[in-house]
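Secondary and tertiary structure notes
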Amino acid sequence: GAGVSQSPRYKVAKRGQDVALRCDPISGHVSLFWYQQALGQGPEFLTYFQNEAQLDKSGLPSDRFFAERPEGSVSTLKIQRTQQEDSAVYLCASSPGRVETQYFGPGTRLLVL
Amino acid sequence: GQQLNQSPQSMFIQEGEDVSMNCTSSSIFNTWLWYKQDPGEGPVLLIALYKAGELTSNGRLTAQFGITRKDSFLNISASIPSDVGIYFCAGQNPQGGSEKLVFGKGTKLTVNP
């Protein structure tokens, strides 16, 4: 079956532009997570959803970052007025239920110039 | 953000050698996980540990959940070239209310044939 998919795989943005990153979780998975991975570092938690409810957004670095999952399936991570420090790989993961294995997508590599 | 202390940062070994890496935390986790990440891909789960003192194997991989719940190690026996990649430990405390994973900075493994 299909795994977690993310689009685009690569995004180059000029500083100040808004970007939207999409995550398609594995069908039927209840929980969806976003992580940010800087070069040479481990993934860092941003936010997660259980169905359409955003249960924890404590990792979002600023109010320029916003995530939504309106129908409890596809999720979008939006970054407004991008800055160079936003350059990173953004990973999405989904899990079948609470406290179950998180399956990661390939990530979106964002470069802000 | 919080990251676990993972060592070593990198390892260069000969094919056939055994490998050991470990992870420590200043706080307790109720679940420890080990992931492997290949270039351009998301992390893939190798082993999950749910109980203090637990020792679990997956083929040539063995991992242990420390008694104090503040550490874990991963061993790889008889390494092969396809073991090359970055290995991450991750802790989880769902009882704390969030399912987020806290990752280490990774151990980059190079295997010389």
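These notes cover the structure that comes with them. (Residues numbered from 1 in each chain as written. Chains lettered and ligands numbered in written order. Predicted model: local features only at pLDDT ≥ 70, side-chain atom pairs only at ≥ 80, totals over all residues. Heavy atoms only, no water.)

1. Brief notes about the state of the cysteines
Residues and elements named next belong to chain A. Summed over all chains, the structure comprises two disulfides over all chains. With a sulfur-sulfur separation of 1.8 Å, Cys23 is cross-linked through a disulfide to Cys92. An S-S torsion of about -65° defines the bridge between Cys23 and Cys92 as left-handed. Residue Cys23 is found in strand S3 (residues 19–24), and its partner Cys92 is found in strand S9 (residues 88–95); the two are separated by 69 residues along the sequence. Overall, the relative accessible area of 0% leaves Cys23 in the buried class. (Disulfide = S-S within 2.5 Å. Helix = DSSP H or I, 4+ residues; strand = E, 2+ residues; numbered from the N terminus. Buried < 20%, exposed > 50% of the residue type's maximum accessible area, 1.4 Å probe, protein only.)

2. Some thoughts on the nonpolar core
Counting residues in each nonpolar core, the largest one holds 22 residues, and the members touching the most others are B:Trp34, B:Leu74 and B:Leu109. Of all the secondary-structure elements, those providing two or more residues to this core are strand S2 (10–14), strand S3 (19–24), strand S4 (31–37), strand S5 (44–49), strand S7 (61–65), strand S8 (71–76), strand S9 (85–92) and strand S11 (107–112) of chain B. The contact partners of B:Leu109, leaving out residues within four places of it in the chain, are B:Met11, B:Ile13, B:Val19, B:Ile76, B:Asp83, B:Val84, B:Gly85 and B:Tyr87. One finds A:Leu21, A:Leu32, A:Trp34 and A:Ala67 within the second-largest nonpolar core, a separate group that totals 20 residues. (Core = buried A, V, L, I, M, F, W, Y, C linked by side-chain atoms within 4.5 Å. Contact = heavy atoms within 4.5 Å.)

3. Thoughts on the sheet that holds S7(B)
Strand pairing in a sheet takes place through backbone hydrogen bonds and is either antiparallel or parallel in direction. Residue and element names in this part refer to chain B. Here five strands make up an open sheet; going across it, the order is S1-S3-S8-S7-S6 and the pairing antiparallel. Sheet topology places strand S1 (5–7) and strand S6 (55–58) at the edges, where each strand pairs with a single neighbour. Direction aside, the axes of adjacent strands within the sheet are offset by 15° on average. Across five bridges, the pairing between S7 and S8 is antiparallel. Within S8, the residue paired with Leu61 across the bridge is Ile76. (Pairing = 2+ DSSP bridges. Axes fitted to C-alpha atoms, helices over the stretch in contact; angles between N-to-C directions.)

4. Points about the packing of aromatic side chains
Taken as a whole and assessed by the stated rule, the structure comprises eleven aromatic pairs over all chains. Aromatic pair B:Tyr35 and B:Phe103: ring centres 5.7 Å apart, planes at 50°, arrangement tilted. Taken together, the residues span a long stretch of sequence, with B:Tyr35 in strand S4 and B:Phe103 in strand S10 (residues 101–103) at a distance of 68 residues. The exposure classification of B:Tyr35 matches that of B:Phe103, with both residues buried. Here a set of aromatic residues connected by ring pairs shows up, and it is made of A:Phe33, A:Tyr35, A:Phe45, A:Tyr48, A:Phe104, B:Tyr35, B:Phe88 and B:Phe103. (Phe/Tyr/Trp six-rings, centres within 6.5 Å; stacked < 30°, edge-to-face > 60°.)

5. Here's the deal with the side chain of A:Gln102
By secondary structure assignment, the location of A:Gln102 is in the loop between S9 and strand S10 (103–104). Look past the residues within four positions of A:Gln102 in its chain and what remains in contact with it is A:Phe33, A:Tyr35, A:Ala93, A:Ser94, A:Ser95, B:Tyr35, B:Gln92, B:Glu99 and B:Leu101.

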